Amino acid sequence: MLTEKVHIAVPTAFFEDESLNVQGTISHIRDLYKQGVKSVLVSGTTGEQHSLNLQEKIKIINGLELEEELISNMEILFGVASIRQKEAEKLAEKIRHTKISGIMLGYPPYVIPTQEEALVYTERIIHLSNKPTILYNNPKRTGFDLSEKSIIQLSKIDLVVGIKDAGNKEKVERIKKGMHRNILYFYAGGEVDLEGKVLHGYDRLSSIAGNVFPIEISRWFQKMLMKQIVSKQESEKIENILEQVYQGNAIVNLKKHINHKEIPMGGCRSPIGNI
């Protein structure tokens, strides 16, 4: 199962012509590993997942498989989602035979499946990947909102270990009451309103700002979970970090920071970053 309370959702590296740069992506993961990061999420939740086709995602997996030190010592999660279920299934089958630790299962954007269709989609992909699974609910990006009833139903599957962005406070509380077991983790997506989310029952973090300030973000989150007081100095430092990352487009800001470290992250796929 997945033991790390924090994973960092890493951006995907691209060359100047917007083609995939597998080694640039891995260079950034290696740099995080050297800084003590124990878990990363690849090809997910940074707004780039659906710009990658199936072949590109498989290239990233093949590249990670060659990184023996990283894949043996880190909890590496991989984002699985597609507009077409058939493509998500092929990706899940590929992941099944790797050392990837788990998957973050997203829902198809734009097409808006019914709850029943989403359940079939979820169960099929979990079965094919046979990996610990974090469900990823992001109505703002996809147009689809996984209901509390569906989340409770899916929590009965042993491989479902968590959900990212379950919804508002009331929804989280109802899910917790309705679950048949108490081992479902609630992942906050990014650092915006993180203190509020922890108060509402979120107990894990899918970090964005950790790409550039991994130690500071992890320490801050751990203190929140343990209800420890954050000093004024530390609070101001975190405020400054979040401003650097989230003012404007977060993914564009992250890539600028990473490129400044001479890690070849490149830019984004337009229209993101085209100004």
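What counts as what
- Residues numbered from 1 in each chain as written.
- Predicted model: local features only at pLDDT ≥ 70, side-chain atom pairs only at ≥ 80, totals over all residues.
- Heavy atoms only, no water.
- Phe/Tyr/Trp six-rings, centres within 6.5 Å; stacked < 30°, edge-to-face > 60°.
- Helix = DSSP H or I, 4+ residues; strand = E, 2+ residues; numbered from the N terminus.
- Buried < 20%, exposed > 50% of the residue type's maximum accessible area, 1.4 Å probe, protein only.
- Lys NZ or Arg CZ within 6 Å of the ring centre and 35° of its normal.
- Axes fitted to C-alpha atoms, helices over the stretch in contact; angles between N-to-C directions.
- Parallel < 35°, antiparallel > 145°, perpendicular 65-115°, else oblique.
- Left-handed = near helix turned anticlockwise from the far one by under 90°.
- Contact = heavy atoms within 4.5 Å.
- Nonpolar A, V, L, I, M, F, W, Y, C, P; charged D, E, K, R; others polar.

*Asks:* What is the right way to read the packing of aromatic side chains from this model?
*Replies:* In this description, an aromatic ring pair is defined by two values, namely the gap between the centres and the angle between the planes. Tallied over the entire structure, the rule returns three aromatic pairs. For the ring pair Tyr107 and Tyr121, a centre distance of 5.6 Å and an interplane angle of 45° mean the geometry is tilted. Of the two residues, Tyr107 is situated in the loop between β4 (102-106) and α5 (115-129) and Tyr121 in helix α5; the sequence distance between them amounts to 14 residues. A relative accessible area of 2% places Tyr107 in the buried class. For Tyr121, a relative accessible area of 3% corresponds to the buried category. With a centroid separation of 6.3 Å and an interplanar angle of 80°, the aromatic rings of Phe186 and Tyr202 are classed as edge-to-face. Note that Phe186 is positioned in strand β7 (residues 185-189) and Tyr202 in the loop between α9 (194-199) and β8 (204-207), a separation of 16 residues in sequence. Judged by its relative accessible area of 0%, Phe186 falls in the buried class. Grouped by ring-pair contacts, the aromatic residues Tyr107, Tyr121 and Phe144 constitute a single cluster. Looking at Lys164, its charged tip hangs above the ring of Tyr136, at a distance of 4.4 Å from the centre. Note that Lys197 overlies the ring of Tyr202, its terminal NZ or CZ placed 5.9 Å from the centroid.

*Asks:* Could you clarify how one ought to interpret the packing of helix α4 (residues 85-96) against α5 in this entry?
*Replies:* Two quantities define a packed helix pair, namely the angle between the axes and the distance from one axis to the other. Across the interface, α4 lies against α5 with an axial gap of 7 Å and an inter-helix angle of 25°. Considering the angle they form, α4 stands roughly parallel to α5. Crossing angle aside, the handedness with which α4 passes α5 is right-handed. Across the interface between the two elements, Gln85, Ala88, Glu89, Ala92, Glu93 and Arg96 from α4 touch Tyr121, Arg124, Ile125, His127, Leu128 and Ser129 from α5. The residue inventory of the contact of α4 with α5, partitioned by class, reads five nonpolar, three polar and four charged.

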